[in-house]
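Observations on the three-dimensional arrangement
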2 protein chains.
Amino acid sequence: MSDVIVIGGGPAGISAAIYLKRFKLDVCVLMKDFGALDKTEHIENFYGFSQPITGHELVENGLKQAKRLGVEIKFEEVLGIDAEDLFTVKTVQNEYKSKAVLLATGSSRASFRIPGFVDFVGKGISYCAICDGFLYRKKAIALLGEGEFMAEELDVLRNFSSDLTVFTNGLPLKAKIGETKVISDTIRSLEGGETLQTIVTENGRYDVKALFVAVGTPSATDFALRMGAFIEKNVIVVDENYQTNIPGLFAAGDCIGGLSQIAKAVSDGAQAAIALQKFIRSKTS
Amino acid sequence: MSDVIVIGGGPAGISAAIYLKRFKLDVCVLMKDFGALDKTEHIENFYGFSQPITGHELVENGLKQAKRLGVEIKFEEVLGIDAEDLFTVKTVQNEYKSKAVLLATGSSRASFRIPGFVDFVGKGISYCAICDGFLYRKKAIALLGEGEFMAEELDVLRNFSSDLTVFTNGLPLKAKIGETKVISDTIRSLEGGETLQTIVTENGRYDVKALFVAVGTPSATDFALRMGAFIEKNVIVVDENYQTNIPGLFAAGDCIGGLSQIAKAVSDGAQAAIALQKFIRSKTS
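Residues numbered from 1 in each chain as written. Chains lettered and ligands numbered in written order. Predicted model: local features only at pLDDT ≥ 70, side-chain atom pairs only at ≥ 80, totals over all residues. Heavy atoms only, no water.

The subject of this paragraph is the overall build of chain A. Across its full length, chain A holds seven helices and 17 strands. Seen through its C-alpha atoms, chain A measures out along the principal axes to roughly 55 × 45 × 30 Å. With 285 residues in all, chain A has 57% of them scored as buried. A separation of at least 24 residues holds for 56% of the contacts in chain A among residues at least 6 apart in sequence. Split by element, the accessible area of chain A, about 12700 Å² in all, is 47% carbon and sulfur. One way to put it: in chain A the 31 positive side-chain charges average out to a point 3 Å from where the 35 negative ones average out. (Helix = DSSP H or I, 4+ residues; strand = E, 2+ residues; numbered from the N terminus. Buried < 20%, exposed > 50% of the residue type's maximum accessible area, 1.4 Å probe, protein only. Contact = heavy atoms within 4.5 Å. Areas by Shrake-Rupley, 256 points an atom, 1.4 Å probe, with all protein chains shown as cover. Lys, Arg positive; Asp, Glu negative; His and termini not counted. Charge placed at Lys NZ, Arg CZ, Asp CG, Glu CD.)

Our next topic: the relation of the copies chain B and chain A. Note on the identical chains: chain B maps onto chain A by a rotation of 180° and an axial translation of 0.0 Å, with an RMSD of 0.0 Å. Viewed as a symmetry operation, the transformation between the two copies matches a two-fold axis. Residue Ser 267 of chain B, judged by its C-alpha, is the member of chain B lying nearest the rotation axis, at 3.0 Å. A shared interface surface links the copies, since 100% of the contact residues of chain B are contact residues in chain A too. (Least-squares fit on C-alpha atoms with pLDDT ≥ 70 in both.)

All names here are of chain A. Counted under the stated rule, the structure contains two disulfides over all chains. One disulfide bridge connects Cys 128 with Cys 131, the sulfur atoms lying 2.1 Å from each other. One disulfide, between Cys 128 and Cys 131, carries an S-S torsion of 75° and so falls in the right-handed class. Take Cys 128: its relative accessible area is 1%, and that puts it in the buried class. The thiol of Cys 255 is unpaired, and the distance to the nearest cysteine sulfur, on Cys 128, comes to 16 Å. With a relative accessible area of 1%, Cys 255 lands in the buried category. (Disulfide = S-S within 2.5 Å.)

Mapped onto the elements, Ser 98 of chain B comes out in strand E6 (residues 95-103). Side-chain polar atoms of Ser 98 of chain B contact the backbone oxygen of Ala 100 of chain B, separated by 2.9 Å. (Polar contact = N/O pair within 3.5 Å; in protein donor to acceptor, adjacent residues only side chain to side chain.)

The next point concerns a positive patch on the surface. Residue and element names in this part refer to chain A. A grouping of Arg 137, Lys 138, Lys 139 and Lys 209 is seen on the molecular surface, where their side chains present a positively charged patch. Along the chain, Lys 139 falls in the loop between helix H4 (129-132) and strand E8 (141-144). Judged by relative accessible area, Lys 139 falls into the partly exposed class, the value being 36%. (Patch = residues over 30% accessible without salt bridge, like charges linked within 9 Å, V, L, I, M, F, W, Y side chains within 5 Å. Salt bridge = Lys/Arg side-chain N within 4 Å of Asp/Glu carboxyl O.)

All quantities given are derived from atomic positions and should not be read as evidence of function.
Given below as structure tokens:
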């Protein structure tokens, strides 16, 4: 068991992990990949580097820095988090337990350029099966996604309806989902009145009551939402200690909003670590 | 004339300068020296460096980074700032004008281990001749300090009293101060009742009504105080835009309090620069 599991290996997560390790806490970082910075070619506004650096180099430096101090880093995709007495973090491969969790997975969910999409968010479109599945019991439910995250949501939705259809929106299906209807056409538009009624693809029209979105991998906002944490304008709401309304669940970096800059993420991470340290000490004393 | 003069060449000041330059603003950094970080041998908790780095190396990297982007950096000690339509920043060598000023000189004034010192702050001990000199007109006034900063304060105090004594507290006098009495003994203690009455040195006792402190070089807090900016618990009070109560006077890093960490100073600098950019644009549009 760890004191703190940090989800995300970018500037916020690693900055926090470094501070946590120096506080002599047991910290484990779970990360899927190098994140958004991996595609950044040219960083020259983050203090301390006399020459421009690529995002990949910076993330790699950070990982080396953390490892040198003894931080454990695992490249595993996180699928879900449960909060009871302890936190249980479920990855594709394993389950891990910790006293606290820091969400630092960067900016959250992608928006979709499907005509009609934005109009029906909250009016048939949902980002959380656990939160909203019950509203559509025994109704025709669509699920948008292609990977393990979608499969996890599908398992939740099976509790509410057997009329389930997965839309991969043109992407290849990556998860095993048993005998569920799959439409791999590209979605052209969403139609309806007050609420969502029809998904229009390149080859057909599908009447549904709901569309659950679980594309790619879950974002910090997705995790937070499922755990009952407050979300506002698509960012996780934290207090001055970087703690969400769920005790022990902290968040830092782009996923809590504010300036989307490395400088701010690194500072968030350091400040969250200091608050996390106090939280862990208060639990163990 | 510059858009912004940044005072201080550490992480907060240079981070801000880099952002300001990238906003295509005309920015000039004035710095005395490498500051507190110069003595830091081993930094391993600031994100992005796979190997530990010295404070000197980090500051040097930052200066190279800023220069490469075209930031003007001058090693000049700032003595005072005037705010009228424009800001006038007076250094030992020159005077500079700008539309805005960012104070980023690190943590502020040293405290003194002179017995009695703390008891008389605000009760005879003052950090600002312009603010409090009038209270002691025609009285016996002592001034603690040894350099240009002290000489500046002495010039102000000459308006209020001719009974002036400079105490260098064991340090060699570095400034030219004309015909003023100088005591270079070490101060042993301060004595008095409700207010300060006596300065006790290793060789004598001196009755005074006030002791003005201007040791070494002025801190950001000293500048801010003289300009009428709000100070609380020895840090400069700024709003969410890092602006003080004086329009155009911004502050970032250790001098505004909070976590004394490089990560936080760098983030402060970036965020202050964004606010400064808006301030400058609003002035010029």
